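Read off the chains here:
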Amino acid sequence: MVQPARHIANVKYAIRNIAAEAARLEATGMKILPCNIGDPLRFDFATPPHLVEAVVKALRDGKNQYVASAGLREAREAVAASMQPAVRPEDVFITSGVSEALDLVLTALLEAGDEVLLPSPGYPLYNAIAARLQATAVPYYLDESRGWAIDAEAMEASITKRTKAIVVCNPNNPTGAVATRAQLAGVLDVARRHGLVVISDEIYDRLLFSGTHVPTATVADDVPLITLNGLSKAYLVPGWRVGWLAIHTPKLLKDVAAAVQRLADARLCGPGPFHYAVKPALEGPQNHVPEVMAKLRSRRDLMVSRLNAMPGVSVVEPQGAFYAMPSLTREWAGGDEAFVLELVRETGVLFVHGEGFGQKPGTRHFRVVFLPPEQVLTQAFDRLEAFLKARS
Ligand code: PLP
């Protein structure tokens, strides 16, 4: 038996790992109620037709060749103009989703043994990439008692000589929390004083229930900052693999940008025909967004009222995206992974365990995706309630 590289054992991605167990149960004939994966297209949401037309036209017009490794010029220009504040097109790279943007940025920045501060709970891809690079993922815990707020003071206490970067995710997956300008200013201040790069994942920036999103780049312009975003979520095309990174402070990140360019060159380019959707997405009609949010709002409200009425469960109301991170306030033998597995095996209701996103030691959570329609959510919460009652 050939052995894989040892550090790959640390590359984990709970969302898909737990889905494998659900697929096994489904193969035995069990009906699964999927509240686990952040793909709106699995439910009653549809891609805006003008984006499909733009890609079909590109395919028909023979735009099937490699594009520049940093992406189609027209797409880079549209992204550059859409950023707040605007950046130069040459400071934008179009990537295979935010996933690849993160990969390029972290690979360009981190050496083995370097440390990167990651939100906890947070999106597990950050940890997976750090593990692959043999860098150390250091959690900064979000404060559940203050709506999962970022606590810059606690973050600062974790900084060492090896710390290179801070990742911010706003709105956050899995909590649905939206950071305030003051919280972001706190992060930027820490980064400024310790010479760190800030990487701001803003993929859910348009999916807010109220208020306006504060792009990290609008808070300060003297801290090295890279923003990540893409089409997957707000434009309802996760399978197209279109994302981007924008370098806001090119003077401070000149060599990092050159490293990203080398890495991008080495993988040739992203999926070119799909780059033709970027300009129509960013500059065309946006009326699908309020429609999506109207559906999500009633699903969120249903989820919050059902979960907060259940003994042993408490949830902070999400302010954006389509995720929530309820706390399991009672002990559960085997922790929250055992809880999620028992629940899916007995009821077919599929959540992801909190530990897969990181959480404060001694706490237990599970992540709910509230994309499914009300009748599916109602059925899921009925089954969860009965499951908890049977064990109280
Ligand atoms: N960042 C966050 C916070 C996410 O939740 C996701 C997907 O769920 C991604 C990045 C990956 O996005 P993409 O489909 O653009 O690779």
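The structure this text deals with has already been given above.
Residues numbered from 1 in each chain as written. Predicted model: local features only at pLDDT ≥ 70, side-chain atom pairs only at ≥ 80, totals over all residues. Heavy atoms only, no water.

This paragraph deals with the sheet that holds strand β2 (residues 92-95). The strand order across the open sheet built from seven strands is β2-β8-β7-β6-β5-β3-β4, with neighbouring strands paired in mixed fashion. The sheet is open, and its two edges are formed by β2 and β4 (136-141), each paired on a single side. When strand polarity is set aside, the average angle formed by the axes of neighbouring strands in this sheet is 20°. Two elements, strand β3 (residues 115-120) and strand β5 (residues 163-169), share three bridges in a ladder whose sense is parallel. Along β5, the bridge assignment pairs L117 with I166. Each of β3, β4, β5 and β6 (197-201) touches helix α5 (residues 124-132); the most contacted strand, β3, lies at about 160° to it. (Pairing = 2+ DSSP bridges. Helix = DSSP H or I, 4+ residues; strand = E, 2+ residues; numbered from the N terminus. Axes fitted to C-alpha atoms, helices over the stretch in contact; angles between N-to-C directions. Contact = heavy atoms within 4.5 Å.)

Our next topic: empty space enclosed by the protein. Taken as a whole, this structure holds two cavities of 30 Å³ or more when the rule is applied. By volume, the largest cavity amounts to about 80 Å³. In terms of lining, the largest cavity is formed by 13 residues, of which the most central are L142, I150, C169, N172 and A179. When its residues are assigned to classes, the lining of the largest cavity shows 10 nonpolar, three polar and no charged. (1 Å grid on protein atoms, 1.4 Å probe; cavity = no way out; pocket = protein on both sides within 12 Å on 5 of 7 lines; lining within 4 Å. Points joined across faces, edges and corners; volume = space filled by probe spheres on them. Nonpolar A, V, L, I, M, F, W, Y, C, P; charged D, E, K, R; others polar.)

Glancing now at the site of the ligand. Near the ligand lie 14 residues; those nearest to it are V98, S99, D201, Y204 and R241. Here S232 contributes a side-chain N or O atom positioned 2.7 Å from an oxygen atom of the ligand. Within the complex, 94% of the 400 Å² of free accessible area of the ligand lies under protein. With respect to the detected pockets, the ligand is housed in the largest pocket. With three residues, the top contributor of residues to the shell around the ligand is helix α4 (residues 97-109). (Near = heavy atom within 4 Å. Polar contact = N/O pair within 3.5 Å; in protein donor to acceptor, adjacent residues only side chain to side chain. Areas by Shrake-Rupley, 256 points an atom, 1.4 Å probe, with all protein chains shown as cover. Sits in = over half its atoms within 2 Å of the grid points.)

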